[in-house]
Amino acid sequence: MTASQRTRLQSFDLDEIASHGGRVIVFADRETPLPRATKRADRITKGAVGRAIASDGFSKLKSGEGLTLSWPSGLQAEALQIIRLPRKPDALALRRAGNSIGKAHGEKTALLCLDTLPAREILQAALLRAYDYQAQKADPKPGFGAFHIMLRAPDTAEADIAEAEAMARAVHLTRDLVNAPANILTTTSFAAQIEEMRGLGLEVEILDEADLEAHGMRAMLAVGQGSESPSKLAILHWKGAEGPPLAVVGKGVMFDTGGVSLKPAAGMEDMTMDMGGAAVTVGLMQALAERKARAHVVGLVGLVENMPDGRAQRPGDVVRSMKGDMIEVINTDAEGRLVLADVLWYAQEHLKPAAVIDLATLTGAIIIALGHDKAGVFANDDGLASAFLAAAEQAGEGAWRMPLDPAYDTLIKSRIADVKNSGGRPAGSITAAQFLQRFIKPEIPWMHLDIAGVTLTKTDSAHAPKGASGWGVLALDTLIRTRFEES
Ligand code: BES
Ligand code: MN
Ligand code: ZN
């Protein structure tokens with residue numbers, strides 16, 4: 001569910017607290033005097049707000065968490081949410097405050113009595129948490145209500161609000177793409193949706209199977225050859241600055257059955273999310289275009305479907321990659337690295353990039369290593385890796401550095417070809433990253449993000465309801481601001 005109405009900025013008016021009809025949100029902390037809006041709400045409710053703040057329940061709240069008074073007497077609102085927040089909240093507390101507001105948010109408008117609190121952080125976190133995927137319901141709920149933000153100085157916050165909305169829209173787009181089932185979002189419909197992004201000022205190229213064949217991208221084509229959906233490479237250019245681009249490459253396996261090395265039935269439905277890397281890439285490109293980033297970034301997404309079929313590749317097949325390396329396909333379920341091998345090589349040959357970042361729901365092994373809270377970060381460049389870890393921390397997205405080491409290459413040595421696509425169970429995420437590194441020119445700064453664990457969550461998280469998380473859009477946008485953007 002996306003916002004049905006746009007956020008409204010308004011100047012501070014204490015009388016609104018009594019007259020607003022949807023939800024009203026005020027802030028309080030025990031140690032400091034109450035903000036003026038909270039004081040007014042306390043006066044209208046004849047001290048109910050003060051009693052709530054003095055309660056045991058309130059004392060147990062973390063900064064940014066809140067409690068709700070339903071049908072508070074004296075107010076037109078159906079709910080008054082009181083968020084615990086210190087006078088000078090840190091980034092985490094602001095994010096939590098927004099998440100608490102978004103989680104409780106529904107179809108009615110919410111009046112946020114921010115006064116001097118930072119609107120951007122709170123609004124962005126609220127919009128992220130208010131998301132609700134309704135696209136597959138026969139009778140979808142209408143979008144959620146607008147946020148009406150009361151500020152002491154509303155005029156200075158316009159740009160902040162626009163940016164928070166753009167970032168939330170980008171994360172929502174990524175989540176919509178990941179949540180979409182594979183019969184609806186196919187290689188063809190995904191590519192068509194990407195083509196419509198030209199309207200945002202992005203330059204879009206779509207390479208079809210004949211083009212991929214002409215470029216010698218046999219490793220990628222082999223993955224899709226058992227599917228009725230044609231394989232495609234979609235390229236999105238955002239040229240907000242001169243100079244060599246940052247290339248962002250996403251794995252876009254629309255559905256991963258495993259191919260002839262078929263996956264077990266239990267849980268296979270989750271493999272609609274195997275295009276998560278492509279979804280983050282596309283969401284990020286939308287964010288950059290919407291906020292007119294002063295950076296040169298090219299997004300490349302390899303779109304394929306991995307199906308078992310009479311034409312599908314077999315275990316034991318050997319395919320020639322675009323680079324020229326011959327790959328022995330030990331396991332057709334290790335397909336993501338075959339797609340990436342060719343798209344990474346294409347990016348380096350055709351764009352001469354300043355750096356390459358790839359995102360992929362690449363291995364189940366990264367879930368064994370890191371669970372669902374942190375993505376695996378592999379990089380041949382310490383500066384890039386540490387800048388990304390800092391950006392992820394700032395964005396509230398979990399990430400953890402994993403090793404690369406030629407020692408692991410013995411696990412993917414092929415008897416008959418140059419490399420094999422599976423090293424078996426030991427260090428499964430690292431051998432996958434080592435495989436990808438074969439297709440990276442040594443002088444190119446490169447980072448690989450294994451997002452298999454963080455793309456889809458089984459339970460609600462702080463900033464998203466269960467389902468697609470949109471992990472990575474905010475962290476990569478932050479990285480681009482700090483490292484790839486002119487000021
Ligand atoms: N798409 C899967 C990885 C995955 C697993 C993503 C679970 C999300 C949740 C990938 O294509 C895959 O099947 N990897 C294999 C590799 C193995 C055959 C070497 C795996 O992880 O088992
Ligand atoms: Mn697979
Ligand atoms: Zn896969």
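Look up a bit, the structure's there.
Residues numbered from 1 in each chain as written. Chains lettered and ligands numbered in written order. Predicted model: local features only at pLDDT ≥ 70, side-chain atom pairs only at ≥ 80, totals over all residues. Heavy atoms only, no water.

Colleague: Before we move on, could you go through the packing of helix 7 (residues 158-179) against helix 16 (residues 473-484) and cite the residues and values that matter?
Modeller: Two elements in contact, helix 7 and helix 16, have axes separated by 10 Å at closest approach and are oriented at 130°. One way to sum up the angle between helix 7 and helix 16 is to call them oblique. For the pair helix 7 and helix 16, the contacting residues are Glu 163, Met 167, Ala 170, Val 171 and Thr 174 in the first and Val 473, Leu 474, Asp 477 and Arg 481 in the second. Of the residues contributing to the contact of helix 7 with helix 16, the split by class is 5 nonpolar, 1 polar and 3 charged. (Axes fitted to C-alpha atoms, helices over the stretch in contact; angles between N-to-C directions. Helix = DSSP H or I, 4+ residues; strand = E, 2+ residues; numbered from the N terminus. Parallel < 35°, antiparallel > 145°, perpendicular 65-115°, else oblique. Contact = heavy atoms within 4.5 Å. Nonpolar A, V, L, I, M, F, W, Y, C, P; charged D, E, K, R; others polar.)

Colleague: A description of the pattern of salt bridges should follow, citing residues and the corresponding values.
Modeller: Applying the stated rule across the entire model yields 31 salt bridges. Lys 441 is the partner of Glu 349 in a salt bridge, and the nearest nitrogen-oxygen pair spans 2.5 Å. Highlighted residues: Glu 349 in helix 12 (residues 336-351) and Lys 441 in the loop between helix 15 (428-437) and strand 17 (446-450), separated in sequence by 92 residues. A residue is classified by how much of its surface remains accessible, and Glu 349, at 35% relative accessible area, is partly exposed. Arg 401 is the salt-bridge partner of Asp 382, the closest N and O atoms lying 2.9 Å from each other. Linking Asp 382 in helix 14 (residues 382-395) with Arg 401 in strand 15 (residues 399-401), this pair joins segments that are 19 residues apart in sequence. Three or more residues joined by partner-sharing salt bridges are found here, namely Arg 120, Glu 163, Arg 291, Asp 477, Arg 481 and Glu 485. (Salt bridge = Lys/Arg side-chain N within 4 Å of Asp/Glu carboxyl O. Buried < 20%, exposed > 50% of the residue type's maximum accessible area, 1.4 Å probe, protein only.)

Colleague: For the sheet that holds strand 2 (residues 23-28), give the residues involved together with the corresponding values.
Modeller: On the basis of which strands lie adjacent, the open sheet formed by 6 strands has the order 1-6-5-2-4-3 and mixed pairing. Sheet topology places strand 1 (8-11) and strand 3 (66-70) at the edges, where each strand pairs with a single neighbour. On average, each strand axis in the sheet is inclined to that of its neighbour by 25°, with strand direction left out of account. Helix 5 (residues 91-104) contacts strand 2, strand 3, strand 4 (79-84), strand 5 (110-115) and strand 6 (147-151) of the sheet and is inclined by roughly 160° relative to strand 4. (Pairing = 2+ DSSP bridges.)

Colleague: Give me the lowdown on the packing of helix 7 against helix 11 (residues 276-290), citing residues and values where you can.
Modeller: For the pair helix 7 and helix 11, interaxial distance at closest approach is 8 Å and the crossing angle is 155°. Here helix 7 is positioned roughly antiparallel relative to helix 11, judged by the angle of their axes. Handedness of the helix 7/helix 11 crossing: right-handed. For the pair helix 7 and helix 11, the contacting residues are Ala 166, Met 167, Arg 169, Ala 170, Leu 173, Thr 174, Leu 177 and Val 178 in the first and Gly 276, Ala 279, Val 280, Val 282, Gly 283, Gln 286, Ala 287 and Glu 290 in the second. Partitioning the contact of helix 7 with helix 11 into residue classes produces 10 nonpolar, 4 polar and 2 charged. (Left-handed = near helix turned anticlockwise from the far one by under 90°.)

Colleague: I'd like a rundown of the site of ligand 1, residues and numbers included.
Modeller: Residues in close proximity to ligand 1 total 18 residues, the closest being Lys 263, Asp 274, Asp 333, Glu 335 and Gly 364. At 2.8 Å from a nitrogen atom of ligand 1 is found a side-chain nitrogen or oxygen belonging to Asp 274. Within the side chain of Glu 335, a nitrogen or oxygen atom sits 2.8 Å from an oxygen atom of ligand 1. In isolation ligand 1 offers 520 Å² of accessible surface; the protein chains occlude 81% of this area. By residue class, the composition of the shell around ligand 1 is 6 nonpolar, 5 polar and 7 charged. (Near = heavy atom within 4 Å. Polar contact = N/O pair within 3.5 Å; in protein donor to acceptor, adjacent residues only side chain to side chain. Areas by Shrake-Rupley, 256 points an atom, 1.4 Å probe, with all protein chains shown as cover.)

Colleague: Can you explain the sheet that holds strand 16 (residues 419-420)? Please cite residues and give values.
Modeller: Here we have 3 strands laid out as an open sheet, ordered 11-12-16, and mixed in their pairing. Every other strand in the sheet has two partners, leaving strand 11 (318-320) and strand 16 as the edge strands with one partner each. Sheet analysis places strand 12 (residues 326-328) next to strand 16, joined by 2 bridges and oriented parallel. Bridge pairing links Ile 327 to Val 419 in strand 16.

Colleague: Lay out the coordination of the zinc ion (ligand 3) in plain terms, naming residues and giving numbers.
Modeller: Surrounding the zinc ion (ligand 3) are the protein donor atoms Lys 251 (NZ), Asp 256 (OD), Asp 274 (OD) and Glu 335 (OE), at 2.0 to 2.5 Å. Metal-centred angles of 78 to 173° between the 6 donor atoms at the zinc ion (ligand 3) mark the site as octahedral. In primary-sequence terms, the residues that donate to the zinc ion (ligand 3) follow K-x4-D-x17-D-x60-E. Separating the zinc ion (ligand 3) from the manganese ion (ligand 2) is a distance of 3.2 Å, and Asp 256 supplies a donor atom to each of them. Placement of the pair is Asp 256 in strand 9 (residues 246-256) and Asp 274 in the loop between strand 9 and helix 11, with a sequence separation of 18 residues. Taking relative accessible area as the criterion, Asp 256 reaches 3% and is therefore assigned buried. (Donors = N, O, S within 2.8 Å, 3.2 Å for Na, K, Ca; no water. Tetrahedral: all angles 85-135°; square planar, octahedral: opposite > 155°, others 65-115°.)

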